[in-house]
Amino acid sequence: DAGVTQSPTHLIKTRGQQVTLRCSPISGHKSVSWYQQVLGQGPQFIFQYYEKEERGRGNFPDRFSARQFPNYSSELNVNALLLGDSALYLCASSLGPLTNTGELFFGEGSRLTVL
Amino acid sequence: QQQVKQSPQSLIVQKGGISIINCAYENTAFDYFPWYQQFPGKGPALLIAIRPDVSEKKEGRFTISFNKSAKQFSLHIMDSQPGDSATYFCAARGAGNMLTFGGGTRLMVKP
């Protein structure tokens, strides 16, 4: 069984540019969450999506947006990149959005470097 | 309210020793407490988890101890091995299956 897959694995952007990160959840999982992990810190929650609807949003600016597609894959978009956006962006999937719908399984992440 | 505090930040243990990592939380609405293991360049992988109605859970060499009244929980790694060298994160699950992570503990097990 394939786990959570993310692309690209690494990318370099310059300040002010825009980036799109992609995630495919584990087969059968309908909920996707995005986390940002700055080097040396724990992951921080950005978004959760279920059935194409946003179910939760963390404390991130409006430059961050996401969406989920009918096949449950998801994209995270970040506009007007800042140096501080440099981080590992993790996608996690679960069966559903509720606390009784199973553990979160993480992908290996997309490493974004903003120069 | 949403913070999870983890200590120590780094830990060095001799092979065969016991590694102990501690976490504390404030939000009593948290209902599930997983531990994740992360190797460099990889995403976090679920190691072991506990619910607050259980005081201890053991899986192989890994044990979680949970103290609900103190709002603290800890991970014990028995017979620590060099392959256990990684960063460990405690987390707590709140509403909507969202995890709040601790700051991480970098564990090094010396041969």
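These lines cover the structure that appears in this document, whether it is placed above or below. Note that residues are indexed from 1 along each chain, following the sequence as it is written. Whichever chain is written first is A, and whichever ligand is written first is 1; the rest continue in order. Selection of residues for local features in this predicted model requires a pLDDT of at least 70, selection of side-chain atom pairs for listing and counting requires 80 or more, and totals for whole chains, interfaces and linings are taken over all residues. To obtain the side-chain values, all non-hydrogen atoms of the structure were used and water was disregarded.

**Details of the overall build of chain B**
The helix count covers DSSP runs of H or I at least four residues long, the strand count covers runs of E at least two residues long, and both are numbered beginning at the N terminus. Helices and strands together make up the secondary structure of chain B, namely 0 helices and 11 strands. The C-alpha atoms of chain B give a radius of gyration of 13 Å, which matches the 13 Å a tight globule of 111 residues would have. Taking the principal axes of the C-alpha coordinates as reference, chain B spans close to 40 × 30 × 20 Å. For chain B, the residues scored as buried account for 47% of the 111 residues in total. All radius of gyration figures rest on C-alpha atoms, and the globule criterion is 2.2 Å times the number of residues raised to 0.38. When accessible area is computed with a 1.4 Å probe and restricted to protein chains, residues below 20% of their type maximum are described as buried, those above 50% as exposed, and intermediate ones as partly exposed.

**Description of unusual backbone geometry**
In this chain, S7(A) is followed by P8(A) through a cis amide linkage whose omega measures -10°. Backbone torsion omega between S7(B) and P8(B) reads -5°, so that peptide bond is classified as cis. Mapping P8(B) onto the fold places it in the loop between strand 1 (4-7) and strand 2 (10-14). The backbone phi angle of K71(B) is positive, close to 55°, even though this residue is not glycine. Along the chain, K71(B) falls in the loop between strand 7 (62-67) and strand 8 (72-77). The backbone of D79(B) sits at a positive phi, close to 45°, despite the residue not being glycine. Among the secondary structure elements, D79(B) is positioned in the loop between strand 8 and strand 9 (86-93). What makes D79(B) partly exposed here is its relative accessible area of 40%.

**Digging into a nonpolar patch on the surface**
Surface patches are drawn from residues lacking salt bridges whose relative accessible area is over 30%; two like charges belong together within 9 Å, two nonpolar side chains (Val, Leu, Ile, Met, Phe, Trp, Tyr) within 5 Å. Exposure was quantified through the Shrake-Rupley algorithm and a 1.4 Å probe, taking into account, for residues, occlusion by the shown protein chains and nothing else. Here a salt bridge means any side-chain nitrogen of Lys or Arg lying within 4 Å of a carboxyl oxygen belonging to Asp or Glu. Together, I18(B), I20(B) and M78(B) give the surface a local cluster of nonpolar side chains, amounting to about 240 Å² of exposed area. Looking at the element boundaries, I20(B) is found in strand 3 (residues 19-25).

**A few points about the interface of chain B and chain A**
The contact definition used throughout considers only heavy atoms, calling two residues in contact when any of these lie within 4.5 Å. Taken together, the 20 residues of chain B in the interface contact 24 residues of chain A. Each partner contributes to the roughly 1600 Å² buried at the junction of chain B and chain A, and carbon and sulfur atoms together form 53% of this total. The term buried area denotes the loss of accessible surface (1.4 Å probe radius) that occurs when two parts are joined, taken as the sum for both partners. When residues of chain B are sorted by the area they lose upon contact with chain A, N97(B), M98(B) and F101(B) head the list and together hold 32% of the total. Our count for the chain B to chain A interface comes out at 1 salt bridge.

**A short note on the sheet that holds strand 8 (residues 74-78) of chain A**
Residues and elements named next belong to chain A. The strand order across the open sheet formed by 4 strands is 1-3-8-7, and the pairing between neighbours is antiparallel. The strands lining the two open edges of the sheet, one partner per strand, are strand 1 (5-7) and strand 7 (64-68). Between one strand axis and the next, the sheet turns by 15° as a mean value, whatever way the strands run. When DSSP finds at least two bridges between two strands, those strands are taken to pair. When strand 3 (residues 19-24) meets strand 8, the two strands line up antiparallel, connected through 5 bridges. Note that in strand 8 the partner of C23 across the bridge is S74. What counts as an axis is a line fitted to C-alpha atoms, over the stretch in contact for a helix, and the angles between N-to-C directions run from 0 to 180 degrees.

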